[in-house]
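# Fold and contact review
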Amino acid sequence: MAHALTSRMQRIIDRAVEDYTQRELPALHAELSGEQIWHAGGFEPGAGLDPEYDGLDLDPETDDEQPFLFTMAGLAEETKPEPPLPRPPLNAAEKQQLIREIELADRYADDAGRRICFALAEHRARILAAVERFVEPQVQAMLEELSRHLEPPQ
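Residues numbered from 1 in each chain as written. Predicted model: local features only at pLDDT ≥ 70, side-chain atom pairs only at ≥ 80, totals over all residues. Heavy atoms only, no water.

### Digging into the overall build of the chain
In terms of helices and strands, the chain carries five helices and zero strands. Moving toward the C terminus, one meets the helices and strands of the chain in the order α-α-α-α-α. Across the 154 residues of the chain, 10% fall into the buried class. By sequence separation, contacts in the chain at least 24 residues apart represent 75% of the contacts at least 6 residues apart. (Helix = DSSP H or I, 4+ residues; strand = E, 2+ residues; numbered from the N terminus. Buried < 20%, exposed > 50% of the residue type's maximum accessible area, 1.4 Å probe, protein only. Contact = heavy atoms within 4.5 Å.)

### A look at the layout of surface pockets
Quantified by volume, the largest pocket comes out at close to 180 Å³. In terms of lining, the largest pocket is formed by 10 residues, of which the most central are E18, T21, H29, L32 and S33. When contributions to the lining of the largest pocket are tallied by element, the ones reaching two or more residues are α1 (2-24) and α2 (26-38). With five residues, the top contributor of residues to the lining of the largest pocket is α2. When its residues are assigned to classes, the lining of the largest pocket shows four nonpolar, five polar and one charged. (1 Å grid on protein atoms, 1.4 Å probe; cavity = no way out; pocket = protein on both sides within 12 Å on 5 of 7 lines; lining within 4 Å. Points joined across faces, edges and corners; volume = space filled by probe spheres on them. Nonpolar A, V, L, I, M, F, W, Y, C, P; charged D, E, K, R; others polar.)

### Quick look at the packing of α1 against helix α4 (residues 92-122)
In the contact formed by α1 and α4, the axes pass within 9 Å of each other and the chain directions differ by 140 degrees. When the axis of α1 is compared with that of α4, the two are oblique. The handedness of the crossing between α1 and α4 is right-handed. For the pair formed by α1 and α4, the contact residues are L5, M9, I12, I13, A16, V17, Y20, T21 and R23 on the first element and L104, A105, Y108, A109, A112, G113, I116, C117 and L120 on the second. Grouping the amino acids of the contact of α1 with α4 by side-chain chemistry returns 15 nonpolar, two polar and one charged. (Axes fitted to C-alpha atoms, helices over the stretch in contact; angles between N-to-C directions. Parallel < 35°, antiparallel > 145°, perpendicular 65-115°, else oblique. Left-handed = near helix turned anticlockwise from the far one by under 90°.)

Scope: geometric values only; no functional claims are made or implied.
Right, here's the structure in full:
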């Protein structure tokens, strides 16, 4: 239970910092999102398909008498981007701005974590009651089931 709560808290903090970075920290946002732009791919025929299509060949078998005008694999190859050029290095002012913005993002993450902890502290009694009412009976039932199937030591 603690792991699930901690994971959820971390996702909330990450999202808050991501929104803050996008809104208030242009250099850091450009640095973080720029990596995705530099490595963006072309057309992917299998992207976004339902799981039941995973692993299926998207191009049917060809007939030598009636060739296809195009194939999905051919389109994917044609739209494949050129390898990215190396990024130019940051100058001293850009490095300092990036360092400042990283510090601001760290402070914002700490603040968001504190706000979440205070919000949870206000609901501590309700959380404990819910754990006692819903989680503890499930744990007890699993332990009883496990103990029924264990063999005593010889």
